[in-house]
Amino acid sequence: MGFLKTLFGGREETPEEKNKKQRERNFDVLKYDGLRAFKTGEVKYAIQCFREAVAIRNEAETVSYLAEALLTDGQAEEARHTLELLAEEHPDNIGIRLAMTRADEMLEDYTRMDEDCQKALLINDQHAPALYRAAIAKHALHDDLNAVVMLTQAILLSPDMNAAYLLRAKVLGGMGSPKEAETDIDHLLAVLDAEQDSMTEEAVMMKAALRLQQGDTDTAIAYYNKVKTQNPLMREAYTGLATAYTAGRQLDKALATLDEALEIMPDFSEGYKERGRIKLMLNDKAGATDDLKKALESSPESSKQWDGQFSNIEQSMNEQYKSRNPYGF
C-alpha cells in the first residue's frame with residue numbers, strides 16, 4: 001500500500017497527522033453536540049461537551065457557548081472567569097463585557113457589575129443594552145439619579161426597549177416621583193401584548209402600587225384584582241391587594257384576601273405576617289401572635305433573623321410592618 005501511494009504521488013499520513021485530524025473531528029462532534037444539547041435544555045451535558053471541546057481547541061466561539069451555558073446553569077463565578085479570559089483576547093467585544101455583567105448580577109456584586117458596564121461603555125457609549133445594564137448596577141448601588149439618566153439615554157437610543165421603561169418606572173417610584181413613573185407604566189400597558197409578554201404582569205402590579213402610592217385605592221384594588229384573577233399563585237398580588245384594602249379601611253376584605261391566599265399557599269410567610277398585622281389593628285392580639293408564629297414556621301430563615309428580637313407581639317408586628325415597603329419599590 002505504501003509503495004502504491006509513493007508510485008502515484010501519494011503519501012501515508014504520519015501518526016501525528018492522524019491524531020490531529022481525529023482531534024479536529026472530536027472537537028466538531030463535541031461542539032455541535034453541545035449546541036444541540038443546550039438548545040434542547042440539556043444544559044449540564046452541554047457544559048460537559050463544551051468543556052471537552054475547549055480542552056481540544058480554545059476557540060472563542062465555543063468558549064462563549066460554554067460561558068452562556070454556565071450562566072444558564074447558575075454557575076456565575078466560573079462563567080465570569082471564563083468570560084474574563086475571553087475579554088483579554090477580545091478587548092473590543094462589547095458582548096463579552098455585557099455577559100460578564102450578567103454573571104456579576106447573579107453574584108450580586110454590583111460594584112464589579114458597574115465597573116464592567118463602564119468598560120463596555122468605553123467600547124461604545126451609544127449602546128442601549130450597555131446603558132440599561134449600567135442602570136441596573138447604579139440602581140443597586142443606590143445611585144438612582146444616574147440610573148434614570150442612563151435609562152433615559154437607552155430609551156432615546158432604543159425606543160422599543162420595554163425593560164428600560166419598566167426599570168425607570170421602578171426607580172422613579174422609589175425616588176418619590178409616582179406621576180413620572182406612571183407615565184412609563186402607561187406606555188408599557190399600551191404597547192405590551194397582555195397574552196404574550198411576561199412583562200405585562202409586572203407592569204400591572206406596578207401600576208397598582210403607583211395608584212396606591214398616590215392614594216387612589218379603588219384603582220389600585222382593581223389592578224391588583226386583575227393580576228390575582230389572571231395568576232392565582234401571584235403572592236405579591238394578594239399582599240398588595242390586602243394593603244390597598246387596608247388603606248381604604250376595608251379590613252374585612254383585606255383579611256378575606258389573605259385567607260384566600262393562605263388556603264391556596266399555606267407556606268406563604270409574608271401572607272401570615274400581613275394577616276397578623278391586620279388582626280393586630282383589629283385588636284386580635286391572640287390571632288396576630290398565632291399568625292406571626294406561622295410566618296416563622298413557614299420561613300426558617302426569618303425565624304433565625306428574628307430569634308430573640310421581639311418579646312412583645314404588638315411591637316414585633318408594628319416594627320416588621322414599618323420595615324416593609326407596601327408599595328413594592
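Residues numbered from 1 in each chain as written. Predicted model: local features only at pLDDT ≥ 70, side-chain atom pairs only at ≥ 80, totals over all residues. Heavy atoms only, no water.

Over its 13 residues, helix 6 (residues 94-106) extends 19 Å from the first C-alpha to the last, a length consistent with the 18 Å expected when each residue adds 1.5 Å. For helix 6, the set of buried residues is Ile 94, Ile 96, Arg 97, Leu 98, Ala 99, Met 100, Thr 101, Ala 103 and Asp 104. Next to the buried residues of helix 6 lie helix 4 (60-72), helix 5 (76-89), helix 7 (110-123) and helix 8 (128-140). Positive phi shows up at Glu 108, right after helix 6, with a value of about 55°. (Helix = DSSP H or I, 4+ residues; strand = E, 2+ residues; numbered from the N terminus. Expected span 1.5 Å × (residues − 1). Buried < 20%, exposed > 50% of the residue type's maximum accessible area, 1.4 Å probe, protein only. Contact = heavy atoms within 4.5 Å.)

The next point concerns the confidence of the model for the protein. On average, the protein scores 88 in pLDDT, and the residues at 70 or more come to 87%. The low-confidence segment residues 306-311 (pLDDT under 50) makes 8 contacts with residues lying over four places distant or belonging to another chain. Across residues 324-329 the pLDDT falls below 50, and counting only partners more than four positions away or on other chains, this stretch makes 17 contacts in the model. (pLDDT = per-residue confidence, 0-100.)

Let us look at the pattern of salt bridges. Scanning the model with the defined rule gives 30 salt bridges in all. Notably, a salt bridge pairs Glu 78 with Arg 51, separated by 2.7 Å at the nearest N-O pair. Placement of Glu 78 in helix 5 and of Arg 51 in helix 3 (residues 43-56) is noted, with a sequence separation of 27 residues between them. Given the relative accessible area of 36%, Arg 51 is considered partly exposed. Across the pair Arg 80 and Glu 84 runs a salt bridge whose closest N-O atoms are separated by 3.4 Å. Here Arg 80 and its partner Glu 84 are both found in helix 5, 4 residues apart, which amounts to about one turn of the helix. The class of Glu 84 is partly exposed, set by a relative accessible area of 36%. A network of salt bridges, in which partner residues are shared, links Arg 80, Glu 84, Arg 97, Asp 104, Asp 109, Arg 112 and Asp 116. (Salt bridge = Lys/Arg side-chain N within 4 Å of Asp/Glu carboxyl O.)

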